[in-house]
Amino acid sequence: MTDARPIPQPPSPAIPAKRWAYVIPVAAIMYMLAYLDRNNVSVILPYMHGDLELSNADKGLVGGIFFVGYVFLQIPAAILAQRWSARKTVLLLMVAWGLAASLSGLVQSKSQFYAARFVLGFFEGGVWPAVLILLASWFPLRERARANALWMACLPLSSVFMAPLSGWMLDHASWRWVLVLQGVPPLVWAVVWWFAVADRPAQARWISRAEADDVERSIAADEAAKPPAGSGSYLDAVKQKSVLVLIGVYFFWITGFYGFNLWLPSVVKELTHNGSSTEVGLLTAVPFTVALVVMIANAAWSDRTGRRRQAVAVPLVVGIAALLLGQAVDGALPRMLLLCVTAAAVYAPYGPFWAIPGQLLRFEVVAVAMGLINALGNLGGFAGPYLVGWLTDATGSSVTGFAVLSGFLAVAVALVTLGLRTGTGPVRQLSEQTAEGA
């Protein structure tokens, strides 16, 4: 956001931090399963062998229409998580998306495939903001980017493990059975979620009273330091310029992000000269392994320095360069290296970016703001895959599509660099107040 002072370290280092070992892993595995059911089509599409008669544009639509459904429950689920229970909201959505994912394997036409993907997106859509609300009740601002990044590490980690798994399954079963079977794990993990997660530290049986009190005091101090959002209404929150800018940043970033993600296995398949699905799945996991490491390191740097804006913009600039260079170089190894750089660059901003709304807005309104940012921003998940597919059909090459994705990432960089430049705004005031209280 700004060149803020470093966010202070915890005032009570002797107090155990068991929440890192309980909340983060359970939430991460839960969303790994969601991400598997969302992205498994990227591995499956190159191996459907003419089933459902999908063109490249149709394949892009299959990947993108998920995000049209994804919009609808963002704000309702965020409000439910904040006013009722994040734990119960996620549980209900987990069961619903698991059933929808399995039903995707039973479709008989491309229109049914579109509908199944839309329904899957509809139920998965509310999970992201609900978990962000949950984490805001467990981790104060000084830890927020790291907590976000460790949870969101499930995104590249899911691809590291699940892309090879999907490839291996495709070598032993039809794509239909892969979809059906991969919808079962969320139904099983829902039981673990119910018993392992609590909405707030005071409700958890496994946390010490000292740790619970320390967390609640720190979060209360964070809230007291935040500027009021007008009358405190949801409308006042979303009318703020910073929230509108964040929506724009997220939309253009996610357009490039999912455009790259959906088509990555197809590019890898091309580099391997039509290798087996297992080979393609294993090689697809390599860029995401690199992304995982860079994502966590960038979030730690962001928490240590308080430089949220730079932690978002700099990786995206690197991603633009890597995407463009990847279309200009020849040879499988150089292109694979650039795919690794691009993956790391588009994943790295996640932790710092999602720490920004909680730093700007009070808890009572941040739920709607985050839901709105995620809902409208994720429409880029429709635009990116479809644009690449349509441009590939139109030009006979993926070069134009990836060049357009670079342009979208460039707009995101401009917005986060110029639109959120607040030399003396509430973010700086908040950081200074927090530093003084350390």
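Described below are features of the structure shown in this document. (Residues numbered from 1 in each chain as written. Predicted model: local features only at pLDDT ≥ 70, side-chain atom pairs only at ≥ 80, totals over all residues. Heavy atoms only, no water.)

Turning to the overall build of the chain, a few remarks are in order. Along the backbone of the chain there are 20 helices and 0 strands. Put simply, the chain has 438 residues, and 60% of those count as buried. Restricting to contacts in the chain with at least 6 residues of sequence separation, those with at least 24 account for 86%. On the chain, roughly 16100 Å² of surface is accessible, and the fraction owed to carbon and sulfur atoms is 68%. (Helix = DSSP H or I, 4+ residues; strand = E, 2+ residues; numbered from the N terminus. Buried < 20%, exposed > 50% of the residue type's maximum accessible area, 1.4 Å probe, protein only. Contact = heavy atoms within 4.5 Å. Areas by Shrake-Rupley, 256 points an atom, 1.4 Å probe, with all protein chains shown as cover.)

Residue Glu-53 is not a glycine yet carries a positive backbone phi of 55°. Inspection of the secondary structure puts Glu-53 in the loop between helix 1 (19–44) and helix 2 (56–70).

Further remarks concern the nonpolar core. Residues Trp-128, Trp-151 and Tyr-350 are the most contacted members of the largest nonpolar core, which totals 123 residues. Apart from residues lying up to four places away in sequence, Trp-151 is in contact with Ile-24, Ala-27, Ala-28, Tyr-31, Trp-128, Val-131, Leu-132 and Leu-135. (Core = buried A, V, L, I, M, F, W, Y, C linked by side-chain atoms within 4.5 Å.)

Per the stated rule, a full pass over the model turns up 9 salt bridges. For Lys-110, the salt bridge identified is with Asp-58, shortest N-O distance 3.2 Å. Pair noted here: Lys-110 is in helix 4 (residues 110–124) and Asp-58 is in helix 2, with a separation of 52 residues, a long-range link. On the accessibility criterion, Lys-110 (33% relative accessible area) is partly exposed. (Salt bridge = Lys/Arg side-chain N within 4 Å of Asp/Glu carboxyl O.)

The next point concerns the side chain of Asn-40. Relative to the assigned elements, Asn-40 resides in helix 1. Beyond its immediate stretch of four places on either side in the chain, Asn-40 contacts Arg-117, Ser-166, Leu-179 and Gln-182.

What follows is about the packing of helix 13 (residues 277–305) against helix 14 (residues 308–328). Orientation of helix 13 relative to helix 14, taken along the N-to-C sense of each, is 150°, at an axis distance of 8 Å. Between helix 13 and helix 14, the interaxial angle falls into the category roughly antiparallel. Every residue of helix 14 that contacts helix 13 at Asn-298, Trp-301, Ser-302 and Asp-303 is listed here: Arg-308, Gln-310, Ala-311 and Pro-315. (Axes fitted to C-alpha atoms, helices over the stretch in contact; angles between N-to-C directions. Parallel < 35°, antiparallel > 145°, perpendicular 65-115°, else oblique.)

Keep in mind these values describe shape, not function.
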